[in-house]
Amino acid sequence: TALPDLKILGLSETKITGCAIRMLADSKNDDSAMAKLDGVIIKRCDGVDPDAIDYGRSMGLLILT
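Residues numbered from 1 in each chain as written. Predicted model: local features only at pLDDT ≥ 70, side-chain atom pairs only at ≥ 80, totals over all residues. Heavy atoms only, no water.

Q: Before we go on, may I ask you to explain the packing of helix α1 (residues 18–28) against helix α2 (residues 50–58) in this structure?
A: Axis angle and axis distance: for two packed helices, these are the angle between their axes and the distance between the axes, and together they describe the pair. Contact geometry for α1 and α2: axes closest at 9 Å, N-to-C directions at 5 degrees. On the basis of their axis angle, the class for α1 and α2 is roughly parallel. For the pair α1 and α2, the contacting residues are G18, I21, R22, A25 and D26 in the first and D51, A52, Y55 and G56 in the second. The residue inventory of the contact of α1 with α2, partitioned by class, reads four nonpolar, two polar and three charged. (Axes fitted to C-alpha atoms, helices over the stretch in contact; angles between N-to-C directions. Helix = DSSP H or I, 4+ residues; strand = E, 2+ residues; numbered from the N terminus. Parallel < 35°, antiparallel > 145°, perpendicular 65-115°, else oblique. Contact = heavy atoms within 4.5 Å. Nonpolar A, V, L, I, M, F, W, Y, C, P; charged D, E, K, R; others polar.)

Right, dumping it as structure tokens:
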């Protein structure tokens, strides 16, 4: 909420999970959310389930792997 103009979030080489991707995708389409990310960069993040990536993309979130 402190960065409402943030559009792309770089999370490469972190321990991000599919749950976090789903949360970011859901907040993109939530009218009450302060930050509306356009995309995330998750290169070399092994813990992300491919289904979560598909879900995020279907919700309009740009996901670079």
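Q: Explain the pattern of salt bridges to me, please; I cannot follow it from the model alone.
A: A side chain of one charge can pair with a side chain of the opposite charge if their charged atoms are brought near each other. Under the definition given, this model contains two salt bridges. Between E13 and R44 there is a salt bridge whose closest N-O contact spans 2.7 Å. Here E13, found in the loop between β1 (8–10) and α1, pairs with R44, found in the loop between β2 (39–41) and α2; they are 31 residues apart in sequence, far enough to count as distant. Each member of the pair, E13 as well as R44, is classed as exposed. Here K28 ties to D38 by a salt bridge, and the two come within 3.6 Å at their closest N and O atoms. Highlighted residues: K28 in helix α1 and D38 in the loop between α1 and β2, separated in sequence by ten residues. Overall, the relative accessible area of 36% leaves D38 in the partly exposed class. (Salt bridge = Lys/Arg side-chain N within 4 Å of Asp/Glu carboxyl O. Buried < 20%, exposed > 50% of the residue type's maximum accessible area, 1.4 Å probe, protein only.)

Q: Would you mind going over the sheet that holds β2 with me for this structure?
A: Spatially, three strands are ordered β1-β2-β3 in an open sheet, and the strand pairing comes out parallel. Where the open sheet ends on each side, the last strands, each with one partner, are β1 and β3 (62–64). Across the sheet, the axes of successive neighbouring strands diverge by a mean angle of 15 degrees, strand direction being ignored. (Pairing = 2+ DSSP bridges.)

Q: Could you clarify how one ought to interpret α1 in this entry?
A: For an α-helix, the turn length of 3.6 residues means that residues three or four places apart are oriented alike. All of the buried residues in α1 are G18, I21, L24 and A25. Relative to the axis of α1, the buried residues are bounded by an arc of 120 degrees and lie together on one face. Exposed and oriented more than 90 degrees from the buried face of α1 are C19 and M23. Where α1 is buried, its residues touch β2, α2 and β3. (Arc of directions from axis to C-beta.)

Q: I tried to follow α2 on my own but got confused; where do I start?
A: The complete set of buried residues in α2 reads A52, I53 and G56. Buried residues of α2 fall within an arc of 100 degrees about the axis and therefore sit on the same side. In α2, the exposed positions that point more than 90 degrees away from the buried face belong to P50 and S58. Where α2 terminates, the next one or two residues include G60, which has phi positive at roughly 95 degrees.

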